Amino acid sequence: MAPKIETTRHPIAIEIEGLDKWFGGFHVLRGIDFTVKRGERIVICGPSGSGKSTLIRCINRLETFERGRIVVDGIELTDDMRCVDEIRREVGMVFQQFNLFPHLTVLENCTLAPVWVRKLPRREAEAVAMHYLERVRIPEQAGKYPGQLSGGQQQRVAIARALCMNPRIMLFDEPTSALDPEMVKEVLDTMVQLARDGMTMLVVSHEMGFAREVADRVVFMDSGQILEAAPPDAFFGTPQHARTRAFLAQVL
Ligand code: ADP
Ligand code: MG
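Not measured: the values here are computed from a predicted model. (Residues numbered from 1 in each chain as written. Chains lettered and ligands numbered in written order. Predicted model: local features only at pLDDT ≥ 70, side-chain atom pairs only at ≥ 80, totals over all residues. Heavy atoms only, no water.)

A short note on the overall build of the chain
Okay, so step 1: Helix and strand content of the chain: 9 helices and 10 strands.
Okay, so step 2: Taken over the C-alpha trace, the chain has a radius of gyration of 18 Å; the compact-globule value for 252 residues is 18 Å, and the two agree within 12%.
Okay, so step 3: Each principal axis of the C-alpha atoms in the chain carries an extent, and together these give about 50 × 45 × 35 Å.
Okay, so step 4: For the chain, the residues scored as buried account for 54% of the 252 residues in total.
Okay, so step 5: Considering only intrachain contacts with a sequence separation of at least 6, the fraction spanning at least 24 residues in the chain is 66%.
Okay, so step 6: Total accessible area on the chain stands at roughly 11,500 Å², and carbon and sulfur atoms take up 50% of it.
Okay, so step 7: Each charge class in the chain can be summarised by its mean position, and for the 31 positive and 33 negative side chains these summaries are 2 Å apart. (Helix = DSSP H or I, 4+ residues; strand = E, 2+ residues; numbered from the N terminus. Rg over C-alpha atoms; globule rule 2.2 N^0.38 Å. Buried < 20%, exposed > 50% of the residue type's maximum accessible area, 1.4 Å probe, protein only. Contact = heavy atoms within 4.5 Å. Areas by Shrake-Rupley, 256 points an atom, 1.4 Å probe, with all protein chains shown as cover. Lys, Arg positive; Asp, Glu negative; His and termini not counted. Charge placed at Lys NZ, Arg CZ, Asp CG, Glu CD.)

Observations regarding the site of ligand 1
Okay, so step 1: Taken together, Phe23, Phe26, Val28, Pro47, Ser48, Gly49, Ser50, Gly51, Lys52, Ser53 and Thr54 are the residues near ligand 1.
Okay, so step 2: Within the side chain of lysine 52, an N or O atom sits 2.7 Å from an oxygen atom of ligand 1.
Okay, so step 3: Isolated, ligand 1 exposes 560 Å² of accessible area, and the fraction of that covered by the protein chains is 57%.
Okay, so step 4: Residue assignment for the shell around ligand 1 shows that the elements contributing at least two residues are β2 (26-37) and α1 (52-59). (Near = heavy atom within 4 Å. Polar contact = N/O pair within 3.5 Å; in protein donor to acceptor, adjacent residues only side chain to side chain.)

Quick look at the nonpolar core
Across soluble globular proteins, you tend to see nonpolar side chains buried next to one another.
Okay, so step 1: Of all hydrophobic cores here, the largest spans 51 residues; its most connected members are Leu133, Met170, Phe172, Met191, Met201 and Phe210.
Okay, so step 2: Top contributing element to this core by residue count: helix α6 (residues 181-196), with 8 residues.
Okay, so step 3: In terms of nonpolar packing, the next biggest core, distinct from the first, is built from 31 residues, Phe34, Phe65, Leu77 and Met93 among them. (Core = buried A, V, L, I, M, F, W, Y, C linked by side-chain atoms within 4.5 Å.)

A few points about the sheet that holds strand β1 (residues 12-23)
Okay, so step 1: The sheet built from 4 strands is open, its strands ordered β2-β1-β4-β5 with antiparallel pairing. Each of the sheet's edge strands pairs with one partner strand only, and the pair in question is β2 and β5 (75-76).
Okay, so step 2: Pairing of β1 with strand β4 (residues 67-72) involves 5 bridges; the strand directions are antiparallel. Within the sheet, the bridge partner assigned to glutamate 17 lies in β4 and is arginine 69.
Okay, so step 3: In the packing of α1 onto the sheet, contacts are made with β1, β2 and β4, and the angle to β1 comes to roughly 120°. (Pairing = 2+ DSSP bridges. Axes fitted to C-alpha atoms, helices over the stretch in contact; angles between N-to-C directions.)

Side note on the packing of helix α5 (residues 151-163) against α6
Okay, so step 1: It is the contact of α5 with α6, at a shortest axis distance of 8 Å, that shows an interaxial angle of 20°. As the angle between them shows, α5 and α6 are arranged roughly parallel. Considering the relative orientation of α5 and α6, their crossing is right-handed. Here α5 contributes Gly151, Gly152, Gln153, Gln155, Arg156, Ile159 and Leu163 to the contact with α6, which in turn contributes Met183, Glu186, Val187, Thr190, Met191 and Leu194.
Okay, so step 2: Class assignment for the residues of the contact of α5 with α6 results in 6 nonpolar, 5 polar and 2 charged. (Parallel < 35°, antiparallel > 145°, perpendicular 65-115°, else oblique. Left-handed = near helix turned anticlockwise from the far one by under 90°. Nonpolar A, V, L, I, M, F, W, Y, C, P; charged D, E, K, R; others polar.)

A few points about the UniProt feature "domain: ABC transporter" (unreviewed entry) in the chain
Okay, so step 1: UniProt marks residues 14-248 with the feature "domain: ABC transporter" (unreviewed entry), using the numbering shown here.
Okay, so step 2: The span residues 14-248 shows a helical share of 39% and a strand share of 26%, and its end C-alpha atoms are spaced 26 Å apart. (UniProt positions renumbered as here; feature names shortened; annotations may be inferred.)

Overview of the pairing of strand β3 (residues 41-45)
Okay, so step 1: The element β3 is extensively covered by neighbouring structure, given that 5 of its 5 residues are classed as buried.
Okay, so step 2: Going residue by residue along β3, you find Arg41, Val43 and Cys45 tucked away on one face and Ile42 and Ile44 tucked away on the opposite face as well.
Okay, so step 3: Two strands pair when backbone bridges link them, and β3 and strand β8 (residues 200-204) are joined in this way by 4 bridges, in the parallel orientation. Looking at β8, one finds that isoleucine 42 is bridged to leucine 202.
Okay, so step 4: Taken together, the 4 bridges between β3 and strand β9 (residues 217-222) define a ladder with parallel strand orientation. Each bridged residue has a counterpart across the sheet, and for isoleucine 42 the counterpart in β9 is arginine 217.

Okay, here's the thing in structure tokens:
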């Protein structure tokens, strides 16, 4: 049976309150307050080094933080590995550099975690994997190795692989930044489809066309702070901060 996108159970998908993080003496996240509602699509943009990756990596504990709280789908993120595991089960992540296992086929990349972490029978995991490979429109690549695929195809495999764990929230960190221009659209199309299916999504991206098309809110980060967050019309039409305007002048 085809798995269906599940949205979060809690009306608030992600709640971030007073989040502060330092790398040594460097204050990388400064008092971040942000809430993502169930089913919301958020696009985060901002200059390089502003803390975008660090922020989304905190959400599934790829980074620790010193102050504040993060609650994902009603589960508070603490040092307890059980709650970290529980949150990681809810959250799928797609990185700029795909991070596929090069020695495994596309199908094996997609079934590894479902079989070993979720204890799904292999046949069932393969059926789920094929379902998502069809969704990202590359079922015919299932037997190939990542190195035999184009960057756009690899990123679509990475998206399918994340979806195979049945996440309720998807985090994307500049998923198209490492791609040749002609491959950006095929990946964005996949993400637009996912957004239409109702997935809660937090996407770091400078693809402002994508932001306009799918974002419920666009967030601008600068120097570890959220300077503004607004629906696309307001964000692009009447940006409030001079720094947002300067940034938009560069990327639009
Ligand atoms: P962005 O994704 O917006 O480009 P990052 O979150 O990657 O920004 O990085 C924010 C700042 O933190 C940058 O100045 C970066 O050099 C620094 N930084 C990121 N990761 C580390 C780390 N592991 N150790 C020390 N500094 C880091
Ligand atoms: Mg980054």
